[in-house]
Amino acid sequence: MALRNVIVIGSGPAGCTAAIYAARAGLEPLLVAGLLQGGQLTQSSGVENWPGAHHFPSGFELMESLLEHVRKFDVEILQDSVSTLTREDGVFSLHMAGGEVLTARSVIAATGSSARYLGIPGEDRFRGSGISACATCDGFFFRKKRVVVIGGGNTAVTDALYLAGLGAKTSLVHRRNEFRCEKILTDKLMSAADEGRISLHLSKVPLEFVGGESLEGVRIRDTVTGEESVLATDGVFEAVGHVPNTGYLEGLLELDRGYIPLAGDPEHATATAVPGLFAAGDVANARYQQAVVAAGSGCMAALDAEHYLSML
Ligand code: NAP
């Protein structure tokens, strides 16, 4: 297969924006979309902070429109994922899960992150049949049922509000008594709790999932009193953070707690320690995990790749 100028890996806001800029620069990029085209934002019930999108589209709608924008510039999109990325004599080889090997002079890694699971007893047994990490995908099945959301960040609170909105009897379990989400979300959560639409279980650590044929509850421990109890439920939505998708980079560069470290070059902010490899979005940013930041860094990565290629 032909040697490409640039291959963008990932089709979330960072990857799509990088592809748009690279295409407009005449670099004829290839976009490796991964198996979940549009990335994790497609699983968000509603996006209220994408500038200009004041009709608050669903994450799916927003990413569909971004991907349509990418297609407008005739970007080739490949529905596959990269298993291993190597570099030899200035050329990257992308070993695809489907068996193909692609080559490129430069690569933009925009592979984002995936939902993290707690790893407590009972989880493996009920994962996919009672335990989920995607409220927009699976919430519908729990409309009139009891659900427990675990976590205290933006995802957990958004999920709890979404599930309560669907008519699920919703409880939120959080290990502290303070939330780490945006204030507007805390305010909405508190209103929902005051109105009895969400029941809050604060300073409670989840210990295990219990049940017989199906999930029946979550055993929790109060961090103040040490008391244990079982919170009965039909479904659990875990929202306990994300892990960066960087397995394919093993052996190519040293990661920082799983994230891609940026080289710290003030002129080319998305450059990594590997010449020609640029990183954008959540995969390189543990701090500002926001769609609009990801899109901005995707633009920067395309500009950096363009400059790198012009110097070869
Ligand atoms: P997050 O902000 O990392 O929150 C994870 C939550 O899970 C925290 O409340 C954490 O508790 C809890 N947690 C972690 N490990 C746990 C454990 N072992 N047991 C019990 N609880 C545990 O993750 P997120 O909500 O998925 O958000 C990820 C990033 O995406 C953030 O930067 C967030 O701002 C961003 N995001 C933004 C939006 C938006 O609309 N702006 C929407 C979704 C996500 P502690 O608080 O005690 O650490």
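Let me sum up the structure you'll find in this document. Remember, predicted model here, so these are calculated numbers, not experimental data.

**Notes on the packing of aromatic side chains**
Overall, the coordinates contain three aromatic pairs when judged by the stated rule. For the ring pair Phe 140 and Phe 141, a centre distance of 6.2 Å and an interplane angle of 80° mean the geometry is edge-to-face. Since its relative accessible area comes to 56%, Phe 141 is described here as exposed. Considering the side-chain rings of Phe 278 and Tyr 308, the 5.9 Å spacing of their centres and the 70° angle between planes classify their relative orientation as edge-to-face. Taken together, the residues span a long stretch of sequence, with Phe 278 in strand β17 (residues 277-279) and Tyr 308 in helix α7 (residues 291-310) at a distance of 30 residues. As far as the burial class goes, Phe 278 and Tyr 308 line up, both buried. Positioned above the aromatic ring of Phe 92 is the side chain of Arg 87, whose terminal nitrogen or guanidinium carbon lies 5.5 Å from the ring centre. Sitting over the ring of Tyr 117, Arg 127 keeps its end group 3.5 Å from the ring centre.

**Quick notes on the site of the ligand**
Around the ligand lies a shell of 20 residues, among which Gly 152, Asn 154, Thr 155, Arg 176 and Arg 180 are the nearest. Between an oxygen atom of the ligand and a main-chain N or O atom of Gly 153, the distance comes to 3.4 Å. Here Thr 155 contributes a side-chain N or O atom positioned 2.7 Å from an oxygen atom of the ligand. Protein contact buries 78% of the 910 Å² of open area that the ligand shows by itself.

**Considering unusual backbone geometry**
Backbone geometry follows two general trends: most residues other than glycine have a negative phi, and most peptide bonds adopt the trans configuration. The residue Ser 203 is not glycine, and still its phi comes out positive at about 55°. Counting through the fold element by element, Ser 203 comes out in the loop between β11 (198-202) and β12 (204-211).

**What about the state of the cysteines?**
Taken as a whole, this structure holds one disulfide when the rule is applied. Not engaged in a disulfide, the cysteine Cys 16 finds its nearest cysteine sulfur in Cys 299; these two sulfurs lie 14 Å apart. The class for Cys 299 is buried, based on a relative accessible area of 16%.

What counts as what
- Residues numbered from 1 in each chain as written.
- Predicted model: local features only at pLDDT ≥ 70, side-chain atom pairs only at ≥ 80, totals over all residues.
- Heavy atoms only, no water.
- Phe/Tyr/Trp six-rings, centres within 6.5 Å; stacked < 30°, edge-to-face > 60°.
- Buried < 20%, exposed > 50% of the residue type's maximum accessible area, 1.4 Å probe, protein only.
- Helix = DSSP H or I, 4+ residues; strand = E, 2+ residues; numbered from the N terminus.
- Lys NZ or Arg CZ within 6 Å of the ring centre and 35° of its normal.
- Near = heavy atom within 4 Å.
- Polar contact = N/O pair within 3.5 Å; in protein donor to acceptor, adjacent residues only side chain to side chain.
- Areas by Shrake-Rupley, 256 points an atom, 1.4 Å probe, with all protein chains shown as cover.
- Disulfide = S-S within 2.5 Å.

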